Amino acid sequence: ALSAAPCLALNNGLALTPPCGLNSYMECPVGEAFLESIADYFIATGMNNSCFRYVNSDEGWELNDRNATTHELMWDPELWPSGLPAFTARLAAKKMKFGLYGAASGVTCNGVTAGQLGYEDLDVATFKRWGVSFLKSDNCASYAMDSSVRFAATRDALLRADAQILYSIEPFSISPDLRQSVKVANMW
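Residues numbered from 1 in each chain as written. Predicted model: local features only at pLDDT ≥ 70, side-chain atom pairs only at ≥ 80, totals over all residues. Heavy atoms only, no water.

## Considering unusual backbone geometry
To keep it simple, the criterion reads: Each helix is a run of DSSP H or I of at least 4 residues and each strand a run of E of at least 2, with the numbering of both proceeding from the N terminus. For each residue, the accessible area found with a 1.4 Å probe, counting protein chains only, is set against the maximum for its type, and the residue is called buried under 20%, exposed over 50%, and partly exposed in between.
One non-glycine residue, Ala-15, adopts positive backbone phi at about 55 degrees. Inspection of the secondary structure assignment puts Ala-15 in the segment before strand 1 (20-23). Positive phi values are uncommon outside glycine, yet Asp-162 reaches one of about 50 degrees. When you line up the elements, Asp-162 lands in the loop between helix 5 (147-160) and strand 5 (166-170). Overall, Asp-162 belongs to the exposed group, its relative accessible area being 54%.

What follows is the structure, encoded as structure tokens:
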């Protein structure tokens, strides 16, 4: 009898096959019109039938500051005039998925926009409520706290919330610790 190889990523039932799609890295900022056109292209060409189901916004989707009252991250209303929940609902109706960029640090890589550090549970709850299916998290700043600890904080928040959000990390390490990465994320 053949046996399957052990899971070499976070074992939360996600990314059991390679996720495919588009991430807007280096094309930022993009908004709902651009990403919906990409989703429609995947559908029109049949690429969605193979595995191309994700359209992800990299950095630039959000306003720089959190909401002063709720401390939630906020999407840029010029880029997302329908709002992220409405946009993700439209994608879901097309059997497509949406992903966002974040950072396991106090700020994102632009050095200005709020990161997830200290807000992991709030951000995961917000992303889940918005219908986000993919979270790319960068290691944008150096701290005394090891990046694997900061990435694990978001992983733990995802698991506590039972959020079906694929978790991808970018540790910015020349030789990433694969023994640690497999415990923290679905992909890195």
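## Considerations on the sheet that holds strand 4 (residues 134-138)
Selection criterion: When DSSP finds two or more bridges between two strands, those strands count as paired. Between the N-to-C directions of two axes lies an angle of 0 to 180 degrees, each axis being a line fitted to C-alpha atoms and, for a helix, fitted only over the stretch in contact.
In space, the 5 strands of this open sheet follow the order 1-2-3-4-5, with parallel pairing throughout. Each having just a single partner strand, strand 1 and strand 5 make up the two edges of the open sheet. Ignoring strand direction, the axes of neighbouring strands in this sheet form an average angle of 25 degrees. Sheet topology note: the strand 2 (residues 52-57)/strand 3 (residues 97-103) ladder contains 4 bridges and is parallel. When the bridges of strand 3 are listed, Tyr-54 appears paired with Lys-97.

## Quick look at the packing of aromatic side chains
What characterises a pair of aromatic rings is the spacing of the ring centres plus the angle enclosed by the ring planes. Applicable threshold: Note on aromatic pairs: the rings of Phe, Tyr and Trp (six-membered ring only in Trp) are paired at centre separations within 6.5 Å, and the planes decide the class, stacked below 30 degrees, edge-to-face beyond 60, tilted for the rest.
On inspection of all chains with the given rule, the structure shows 9 aromatic pairs. On the numbers, 5.4 Å between centres and 55 degrees between planes, the contact of Phe-42 with Phe-52 is tilted. Here the residue Phe-42 occupies a position in helix 1 (residues 32-45), and Phe-52 occupies one in strand 2, the gap between them amounting to 10 residues. With relative accessibility at 6%, the residue Phe-42 sits in the buried group. Both rings, one in Trp-61 and one in Phe-127, keep their centres 6.4 Å apart while their planes meet at 70 degrees; by these two values the pair is edge-to-face. Within this pair, whereas Trp-61 is found in the loop between strand 2 and helix 3 (84-93), its partner Phe-127 is found in helix 4 (residues 120-130), the two being separated by 66 residues in sequence. In this pair, the class of Trp-61 matches that of Phe-127, namely buried. Here a set of aromatic residues connected by ring pairs shows up, and it is made of Trp-61, Trp-75, Phe-127 and Trp-130.

Note that every value here comes from positions in space, so none of it alone points to a role or purpose.
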